[in-house]
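Geometric and topological summary
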Amino acid sequence: MFTMGLSSIEQIAIWAVFAVAWLGLGYAVFLRSQILNEDKGTEKMQEVWGAIKSGADAYLQKQLKSILPLIGILTIALFLSVYVVPPTPEALERFHGQSVERIKLIIGVARAFAFVMGAGFSLLVGQIGMRMAVEANVRVASASKKSFGDSLRIAYRAGTITGMLTDGLGLLGGTIIFIILGIAAPDALLGFGFGGTLLALFMRVGGGIFTKAADVGADLVGKVEAGIPEDDPRNPAVVADLVGDNVGDCAGMAADIFESYEVTIVSGLILGLALWHITGQLEWIVFPLVVRGIGVLSSIIGTYFVRGGETGKSEDAMKAIFSGFLTSAVISAAMFFIAGYFYLNTAEMEQWGGWWRLPTAVGVGVLLAILIDRLTEYFTGTHAAPVNDIKKSADTGPATLILNGVSVGFESSVWSVIVIALTIIASIFIFGGISSDPTANATFILYGVAMTGIGMLTLTGNNVAMDSFGPIADNANGIGEMSWSGKTDKDTKRAQQIMADLDAVGNTTKAITKGVAIGSAVIAAVSLFGSFLVDVSRAQAGFGIPIEQQIQAIGIRVDVPQVFVGMLLGGALPWLFSSFAIQAVARAASLIVLEVRRQFKLGVLTGKVKPDYAQAVSISTTAAQKELVSLALLGIVTPIVVGLLLSVEALGGFLAGIIVSGQLLAVFLNNSGGAWDNAKKLIEDEPKDPKKNLGKGSERHKAGVVGDTVGDPFKDTAGPALNPMIKVVNLVAVIIAPIVVQYQGVKGPALYTVWVVAAVLLGVLAWAVMRSKAPAEEMAAGVKAGSAARKSTKKK
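Residues numbered from 1 in each chain as written. Predicted model: local features only at pLDDT ≥ 70, side-chain atom pairs only at ≥ 80, totals over all residues. Heavy atoms only, no water.

**Topic: the side chain of Asn441**
Take Asn441: it is sitting in helix H14 (residues 438-456). Those residues in contact with Asn441 that sit more than four places away from it in its chain are Phe431, Gly432, Gly433, Ile434 and Ser435. (Helix = DSSP H or I, 4+ residues; strand = E, 2+ residues; numbered from the N terminus. Contact = heavy atoms within 4.5 Å.)

Below is the structure:
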């Protein structure tokens, strides 16, 4: 272990954090054994479950094959990136006595290995989390025959497995890098964060397109045109819909929150290192790791406070889940201050504002998570005014219902921005004025923002459990509907109601965790923006630029035309990205609509032929793979082009634009979609009465379904995918910043080289745009092939 001057207590603390990471992973294994011991239900339930399981596994295998080539290319690029610029002062100090070339080799290997480790851990969290969700859904459906409490317990603890994997692997990776590299860790941590974020982007984009293409296609033909219930086994797209819940909401969200968990610790350690240079105190670096260890322990304890209530209603489930979250929050906040008092209460730290500042900033982050939790539940929950107003607007048709949902999304974005702005202001109050040097003072404040991000994701175990609970409950409800179709006995009706209640709660928990993910993405992006400013200034100092001309001294000035152009481009990128993602869903959903209609004409509804579930799964899979690389390239290549062609200051403006625009758009998409979904469910829960236009099958219900299908790609494709996309852009900017500084203002052959590289990258961007806009001919061919196969079978 590289001690870098750590005291014996600090070394013990680091190893304790390392042990806590393994404890989190061990707890995940323990919960897994509990879940697998639960009953899997009837043979029919297991048949439906088997179809979902095989479809999800096949999708993830194909997705992995699609992204591995790009991962390989980027691994080589990250290794070579360290050869373009001189080693950092920290790397020179850490490997004192080694030659410069040797140090570059070590850092290059470390960054490339960390990138692969981050990508691998993100992939593990997504894939194992999804597989455990698949294992749990049939068991939750079976438990609904017994009690509401058992179903809630299984669903939540299965989600907690993914949460503990996120906590354990995220903490393990960061701690290992820190133990090995010490003060040179930021070089490798950037690779670790980039790998996790890029995989999350892949899984978010691919899973989101898959799930919503199937969902929209199934709903439009099944519910609106044919008038059959949701998850009716006669609908050929129903299995694809259930598979999509797993690959989108489980695998995608788990990887998403995992990379936020990584990125906040990366930015915290980078800024902590900057404060170490200013103050000479290692506490700025060690305390974030201690906080993360506390969070793992708090999440484990909070799991046992999630129990079903006496009445067995959805309100009880929501209260129980929030009770577990609040318990973990209170325990962690108390432990932050206890740890801070005993570790930070020293004469040296007193010179820099006192021990209380760091735990207070982390506590503000926990409070931010709770506020976003409550705010999102208000705008998307079934018991608050916004969703009930949308439900009421169904009386006058789909147009007014959609308008009402749009207005809810707009308003919720504003309140989310205000909450995040207040959080950053809190950091100013906590850390402002510590130093008389304006540059150092700004670094303290940005470090405070990073600590609020670390605090916000302290309860990652709880957040991921809440999110995974949603698709597990949704899948369990679908398995029940398909397995118990036609049964009207009392026990079946009671089980169906339990599943419907849990499904409604799951919609709210998914919306809440998406809100937390968006908020954490913004806080992480602001922290990375601070890291960008620090790294650029250090690179400028290394190339002899006077301190008064460095970016931290002059700031990002929007009155400079290049900077303003960069800000405009950054603000536009989330809209282009969302456009392509929603277009992909619309194209694939159209093909699924045609496929379902074709099968209905063959007699699927009347039982003349059995539905061919595989065809819809194939269409969704192909659609998702088509967009993976092209949408990822938008986030990777665009900041490099802006930096090379404009300036490093313009790149800073680009980051500012994407943070503001992306946050507003992501919250709008998430909350409007969630509100439409729950408004539809409220209509479905009404007593069915065609004369009064109430319940399933009514005109009001059809209006609700239209709103829900519009909102599906909003809340489950474009909105969530913006989170990792924003952080991919920020991480790429931090990684390339020293290169941009080195080649800014060059002349002669070096300038021509920059132009050639920029031209090649512009060509890659053009390809990505054309690829995303091109029709998926192979999908259409797949539908025709399926049609031909069906006709051949019919003739035989």
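**A short note on helix H19 (residues 613-645)**
Here H19 is 33 residues long and its end C-alpha atoms lie 49 Å apart, about the 48 Å a rise of 1.5 Å per residue gives. Of all the bends in H19, the greatest, near 35°, is centred on Leu628. Most of H19 is tucked away: 27 of the 33 residues are buried. One side-chain oxygen at the N-terminal end of H19 lies 3.3 Å from the backbone nitrogen of Ala614; it belongs to Asp612. (Expected span 1.5 Å × (residues − 1). Bend = angle between axes of the 7 residues up to and from the residue. Buried < 20%, exposed > 50% of the residue type's maximum accessible area, 1.4 Å probe, protein only. Polar contact = N/O pair within 3.5 Å; in protein donor to acceptor, adjacent residues only side chain to side chain.)

**Points about H14**
In this model, H14 (19 residues) spans 27 Å end to end at C-alpha, consistent with the 27 Å of a helix rising 1.5 Å per residue. Of the residues flanking the start of H14, the one acting as N-cap is Asp437, its side-chain oxygen 3.2 Å from the backbone nitrogen of Thr439.

**Describing the environment of Arg357**
With respect to the helices, strands and loops of the structure, Arg357 is situated in helix H11 (residues 357-380). For Arg357, a relative accessible area of 15% puts it in the buried group. Ignoring sequence-local partners within four residues, the contact set of Arg357 consists of Trp352, Phe429, Ile430, Phe431 and Ile434.

**Some remarks on the nonpolar core**
A general tendency of soluble globular proteins is for nonpolar side chains to be buried together. Ranked by internal contacts, the top residues of the largest apolar core, which has 263 residues, are Phe194, Phe431, Leu502 and Phe532. Looking at this core, the element that brings in the most residues is helix H7 (residues 238-279), giving 24 residues. Here Phe194 is in contact with Leu74, Leu78, Phe115, Ile636, Val728, Leu731, Val732 and Ile735, once residues within four sequence places are set aside. (Core = buried A, V, L, I, M, F, W, Y, C linked by side-chain atoms within 4.5 Å.)

**Remarks on the environment of Leu78**
Take Leu78: it is sitting in helix H2 (residues 43-81). Expressed as a C-alpha distance, the spacing of Leu78 and Ala110, which sit 32 residues apart in the sequence, is 9.7 Å. Excluding residues that lie within four positions of it along the chain, Leu78 makes contacts with Arg111, Phe115, Phe194 and Ile735.

**Side note on the packing of aromatic side chains**
Taken as a whole and judged by the stated rule, the model has 22 aromatic pairs. For the pair Phe410 and Phe668, a centre-to-centre distance of 4.7 Å together with 20° between the ring planes defines the contact as stacked. Taken together, the residues Phe410 in helix H13 (residues 398-431) and Phe668 in helix H20 (residues 648-684) connect sequence positions 258 residues apart. Three or more aromatic residues joined by ring pairs form one cluster here, namely Trp284, Trp352, Phe431, Phe444 and Tyr447. In this structure, Arg374 packs its charged tip against the face of Phe322, placed 3.7 Å from the ring centre. (Phe/Tyr/Trp six-rings, centres within 6.5 Å; stacked < 30°, edge-to-face > 60°. Lys NZ or Arg CZ within 6 Å of the ring centre and 35° of its normal.)

**Some details on empty space enclosed by the protein**
Under the defined criterion, the tally for this structure stands at seven cavities of 30 Å³ or more. Volume-wise, the largest cavity comes out at about 130 Å³. Of all elements in the fold, only helix H6 (185-226), H7, helix H16 (490-542), H20 and helix H21 (699-743) reach the threshold of two or more residues within the lining of the largest cavity. Here the lining of the largest cavity is built from residues that sort into no nonpolar, one polar and 15 charged. (1 Å grid on protein atoms, 1.4 Å probe; cavity = no way out; pocket = protein on both sides within 12 Å on 5 of 7 lines; lining within 4 Å. Points joined across faces, edges and corners; volume = space filled by probe spheres on them. Nonpolar A, V, L, I, M, F, W, Y, C, P; charged D, E, K, R; others polar.)

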